[in-house]
Amino acid sequence: MNLPDDPFMLMSVINLKLRDFYDNLDDLCSDMNLDKADLCDKLKAAGFDYDEKNKKFW
């Protein structure tokens with residue numbers, strides 16, 4: 001699956017996948033062959049931080 005370049009759309013897709021398919025961000029990144037640090041950096045640059053307790057970016 002190609003992820004969107006737009007950070008708002010990316011956040012939405014990642015949060016949907018975290019909510020519906022994965023137990024945590026590590027599992028999602030591993031399964032989708034994503035670099036967790038790169039993903040977090042890209043979303044952080046747009047103002048989004050990952051909340052482990054709520055299992056989502058916001």
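Residues numbered from 1 in each chain as written. Predicted model: local features only at pLDDT ≥ 70, side-chain atom pairs only at ≥ 80, totals over all residues. Heavy atoms only, no water.

Thoughts on unusual backbone geometry
For N33, which is not glycine, the phi torsion reads 55° and is therefore positive. Structurally, N33 is set in the loop between α2 (25-32) and α3 (36-45). A positive phi is found at K55, a non-glycine position, where the angle reads about 55°. By secondary structure assignment, the location of K55 is in the loop between β1 (50-51) and β2 (56-57). (Helix = DSSP H or I, 4+ residues; strand = E, 2+ residues; numbered from the N terminus.)

Quick look at the packing of helix α1 (residues 7-20) against α2
In contact at an axis separation of 10 Å, α1 and α2 are set at 110° when each is read in the N-to-C sense. One element, α1, and the other, α2, form an angle in the roughly perpendicular class. Facing α1, whose interface residues are I14, K17 and L18, α2 presents L25, L28 and M32. Considered class by class, the residues forming the contact of α1 with α2 number five nonpolar, no polar and one charged. (Axes fitted to C-alpha atoms, helices over the stretch in contact; angles between N-to-C directions. Parallel < 35°, antiparallel > 145°, perpendicular 65-115°, else oblique. Contact = heavy atoms within 4.5 Å. Nonpolar A, V, L, I, M, F, W, Y, C, P; charged D, E, K, R; others polar.)

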